[in-house]
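One-letter residues, chain by chain:
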Amino acid sequence: MPEAALVNRHLEKILTSPEFIRSERMNSFLRYVVTASLHGQQANLTERSVGREVFSKAEDWDPSADTIVRSEARRLRAKLETYYETSGQMDELRIRIPKGRYVPEFEWRPSPPVLEQTPTEPVPILAPTKRRWLWVAVAPMLVVAVLTAALWSRLRAPVPSPSARESFRILPFTSELGREFSPAISPDGRTVAYVWIKEDGGPDIYLRAMEKGSPHLMNATPSVRLFPAWSPDGNQIAFLQVMGDQVELIVHNLRDGSEQKITRITKQIGQWADDNSPLIGAPGPVWTRDGKGLIVTDYDPAKASGGIFLFDLSGRRMTLAITTGEDHDLYPRLSPDGKLLAYARYSSHGVAELFVQAMQTPSSLHKLTSDKKAIQGLTWTPDSRHLIFASNRSGSFQLWSITANGGDLKIEPTDSSAAEPAMAPSGERLLYVESHVNWNIWRETVDGSSHLPPQILLSSSGRNYDPRYSPDGHRIAFVSDRSGNMELWVADSEGKDEEQLTHMNVPWLGGISWSPEGSQIAFDARPQGHSAIFLIAASGGEPRLLEDNAYEERMPSWSSDGKSLYFNSNRDGSLAAWRRSLVDGSVQRIAQAGIFAVAATSQGLIYSSRTGELWASGPDGRNPVPLMDGLRADPVMSWFPARQSLYLSHFNEHTHSYSFLRYRDGRTATVGESGGVLVPNAPDIGVSPDERWLVYARQDSSQSDLKIRRQQ
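All of the points below concern the structure found in this document. (Residues numbered from 1 in each chain as written. Predicted model: local features only at pLDDT ≥ 70, side-chain atom pairs only at ≥ 80, totals over all residues. Heavy atoms only, no water.)

Glancing now at the overall build of the protein. Counting its regular elements, the protein contains 6 helices and 50 strands. Here the protein holds 712 residues, and 60% of them are scored as buried. A fraction of 48% describes how many contacts in the protein between residues 6 or more apart in sequence connect residues 24 or more apart. Total accessible area on the protein stands at roughly 27700 Å², and carbon and sulfur atoms take up 47% of it. (Helix = DSSP H or I, 4+ residues; strand = E, 2+ residues; numbered from the N terminus. Buried < 20%, exposed > 50% of the residue type's maximum accessible area, 1.4 Å probe, protein only. Contact = heavy atoms within 4.5 Å. Areas by Shrake-Rupley, 256 points an atom, 1.4 Å probe, with all protein chains shown as cover.)

Right under this line is the structure:
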């Protein structure tokens, strides 16, 4: 065995790596078995001892009934393999946990090369089905643009000192109809590239002079173009191009208009995301300082893994960072001197931290923030010493600056809430996005008893979604940020007498489900930075956490007898449906991986996949079958099982609108239509118990413009 000091240094390197730094349970597991082995206690490393020491199991714990140690050991082995394939590629000392045992093995082996010469793997991203309606389909990806930047000046936020404000002048940069976002400033500081969604089309990339002038389209094309990035010499712009199901990384030559495809990247549909869509934001691209490579982030929900990759212009790929589970890296930004790579790492809805790593030594990862709040864009100052990032760490989204080593955090002056900052090379100008969205809950009849037009039932100046009728139909539970944060509210069936039930001050809350007798409400929230399931009395009180763990557990649904909760979880390393007994607390996986949501009915269970396909099974969850070929919810969480029928929304390509369908006895019928865009990636339709009323969350306004902050 190598000397203990050497093993301990290697252990600390592993535990602070990107693969392990956010996983307290894996850290404790690995530290325990390695430390015990170094102290000659190999004989004590049994399943029972690990359960007691690492997972705090009682003396009478039965490993045959509770297999947590074995399942966590499988995850630990997988994490170690991932570490040695990425951050630990060059490590000569390696730690292994053999299958069936908990005694670690230590071995020396040569370091493998870093650059992967294999063909390019797809980098998932969200893609639309129609260009004009890309906003509907890619809204979960466009974080700061319109659906993503919920920027309300009415929210409380720190105010810069008068002297700080007076040193800058804030001016509008764009004011055209439509929505502008993703600004990128040319290396000479004279031109801005940005994405513009006009009232009659887009998104497209436009160029506009920094000082004055009109915007002009970079290149007329039927495709959708996103996330422009200037090359260091200012002669090229890289971007992501979307055409139907195809997403490609493209380089556009500004001199002759020619274009080169670097790699093809596949679309990602139905990724779990919050109002600000933190898990599908800007994945890049960003150029290397020599202009020979492009950095893009990647997340594959099917594999529950992703990372940051460097592509050369021939499409070869090198790994810069790897994530597993729900962690997802966004907004990669290379420092002007080319030495440091910064990015936002998201772990759940609205929960991100800022990280920096050295380009030459990717394992030198440094965590700059510990806010458990959303990050919507970042940029470097010209001296490579500070980062400016957009965060809602103190209320509304504001710009903050922090040193590259994590010190001197302070707010940056603007005249409004702000996101997606872009710094000019001179440092004298800073562009950012000012945005506002408004979601309201609408109601319309679906039983043909009246011809009343759709009407707003619950509204505010911010966001309202996830409406759910109580079992007796007298009340509606919903989520709203009208108090300043996402909280659970209830109102009567006419949308009156609103009452706030929770005061959790969390970045996201949702997944509302009433108990069958109407006395309790289950929901998911993120007070500790990951999604957990809570119960609260329908009359109010303190929410009760069902289980304190480090997994993502979401979208609870009561069983028909009220004795269990169904939910989705990644507790075994893949997203799947689980059932929790509310009688004895036992938890059991009930369906295959890939399940996005589950709901219980009197006949059995209904599932949806990440792409919105709907499946049905018996109460045990086994052998699910498609409800109907081609039956798919769009958005993917817009479906609701009523007592007699299943209701869902469906995007109608002929009318460019959302239709509401009722599924019963193997047939569907259209029962309504939304006059606007439904809220994406949130449970946004519900039906009254008597199946007379359908309620849904609709995006009623969405605006964004670019502003420029200039030094006086």
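From this point, the discussion proceeds with the structure in view.
To continue, consider the sheet that holds strand β40 (residues 595–600). As summarised here, the arrangement of the 4 strands in space is β40-β41-β42-β43, forming an open sheet in which the pairing is antiparallel. Across the chains shown, the open sheet's two edge strands, defined by having one partner strand only, are β40 and β43 (625–626). Inspection of the sheet shows strand β41 (residues 605–609) paired to strand β42 (residues 614–617) by 4 bridges, in the antiparallel sense. Residue pairing for β42: Tyr-607 is matched across the bridge by Trp-615. (Pairing = 2+ DSSP bridges.)

Moving on, we get to the sheet that holds strand β28 (residues 464–469). Where strands meet in a sheet, backbone hydrogen bonds hold them as pairs that are either parallel or antiparallel. Overall, antiparallel pairing links the 4 strands, which are arranged β28-β29-β30-β31 in an open sheet. The sheet is open, and its two borders are formed by β28 and β31 (499–500), each paired with just one other strand. Judged from the 4 bridges that link them, β28 and strand β29 (residues 475–480) form a sheet pairing that is antiparallel. Paired with Tyr-465 across the bridge in β29 is Val-479.

Our focus in this paragraph is the packing of aromatic side chains. Taken as a whole and judged by the stated rule, the model has 10 aromatic pairs. Aromatic side chains Tyr-465 and Trp-508 sit 4.7 Å apart centroid to centroid with 15 degrees between the ring planes, which places their arrangement in the stacked category. Of this pair, Tyr-465 sits in strand β28 while Trp-508 sits in the loop between β31 and β32 (509–514), and the two are 43 residues apart along the sequence. Accessibility assignment for this pair places Tyr-465 and Trp-508 in one class, buried. With a centroid separation of 4.6 Å and 40 degrees between ring planes, the pair formed by Phe-660 and Tyr-696 is classed as tilted. Separated by 36 residues along the polypeptide, Phe-660 in strand β46 (residues 657–664) and Tyr-696 in strand β50 (residues 693–711) bring together distant segments of the chain. The buried category is assigned to Tyr-696, whose relative accessible area is 0%. One aromatic cluster is present, formed by Trp-439, Tyr-465 and Trp-508 through successive ring pairs. (Phe/Tyr/Trp six-rings, centres within 6.5 Å; stacked < 30°, edge-to-face > 60°.)

With an omega of 5 degrees, the peptide bond running from Gly-284 to Pro-285 counts as cis. Within the secondary structure, Pro-285 is located in the loop between β12 (259–266) and β13 (286–287). Positive phi values are uncommon outside glycine, yet Asp-466 reaches one of about 60 degrees. Here Asp-466 falls in the buried class, since its relative accessible area comes to 0%. With a phi close to 55 degrees, Glu-691 is a non-glycine residue in the positive phi region. Inspection of the secondary structure assignment puts Glu-691 in the loop between β49 (685–687) and β50.

Moving on: the packing of helix α2 (residues 24–38) against helix α4 (residues 68–85). In the contact formed by α2 and α4, the axes pass within 10 Å of each other and the chain directions differ by 90 degrees. Comparing the axis directions of α2 and α4 gives the class roughly perpendicular. Residues Arg-25, Met-26, Phe-29 and Leu-30 of α2 form the contact with α4, whose own contacting residues are Ile-68, Val-69, Glu-72, Ala-73, Arg-75, Leu-76, Lys-79 and Leu-80. Grouping the amino acids of the contact of α2 with α4 by side-chain chemistry returns 8 nonpolar, no polar and 4 charged. (Axes fitted to C-alpha atoms, helices over the stretch in contact; angles between N-to-C directions. Parallel < 35°, antiparallel > 145°, perpendicular 65-115°, else oblique. Nonpolar A, V, L, I, M, F, W, Y, C, P; charged D, E, K, R; others polar.)

The next subject is helix α1 (residues 4–15). With 12 residues, α1 should reach 16 Å at 1.5 Å per residue; the first-to-last C-alpha distance of 16 Å fits that figure. Here α1 has its buried residues at Val-7, His-10, Leu-11, Ile-14 and Leu-15. All buried residues of α1 lie within an arc of 135 degrees about the axis, which places them on one face of the element. The secondary structure elements touched by the buried residues of α1 are α2, α4, β1 (93–96) and β2 (105–108). (Expected span 1.5 Å × (residues − 1). Arc of directions from axis to C-beta.)

Our focus in this paragraph is the pattern of salt bridges. Under the counting rule described, the total for this entry stands at 30 salt bridges. When the shortest N-O distance is used, the salt bridge between Arg-52 and Glu-59 registers 3.9 Å. Since its relative accessible area comes to 63%, Glu-59 is described here as exposed. As a salt-bridge pair, Arg-698 and Asp-700 come within 2.7 Å of each other at their nearest N and O atoms. (Salt bridge = Lys/Arg side-chain N within 4 Å of Asp/Glu carboxyl O.)

This part is about the nonpolar core. With 64 residues, the main nonpolar core has Leu-354, Ile-375, Leu-378 and Leu-387 as its most contacted residues. Ranked by residue count, the leading element in this core is strand β6 (residues 191–198), at 6 residues. Once residues within four sequence positions are removed from consideration, Leu-378 is found in contact with Tyr-331, Arg-333, Ala-342, Tyr-343, Ala-344, Leu-354, Leu-387, Ile-388, Phe-389 and Pro-421. Membership of the second largest hydrophobic core comes to 29 residues, among which are Phe-29, Leu-30, Ala-73 and Tyr-102. (Core = buried A, V, L, I, M, F, W, Y, C linked by side-chain atoms within 4.5 Å.)

A few words now on the pairing of β46. Of all 8 residues that make up β46, 6 are buried, and the element is covered over most of its length. Two strands pair when backbone bridges link them, and strand β45 (residues 646–652) and β46 are joined in this way by 7 bridges, in the antiparallel orientation. Opposite Asn-652, over in β46, you have Ser-657 as the bridge partner. Linking β46 to strand β47 (residues 667–674), which pair antiparallel, is a turn of 2 residues; within it Asp-665 sits at a positive phi near 55 degrees.

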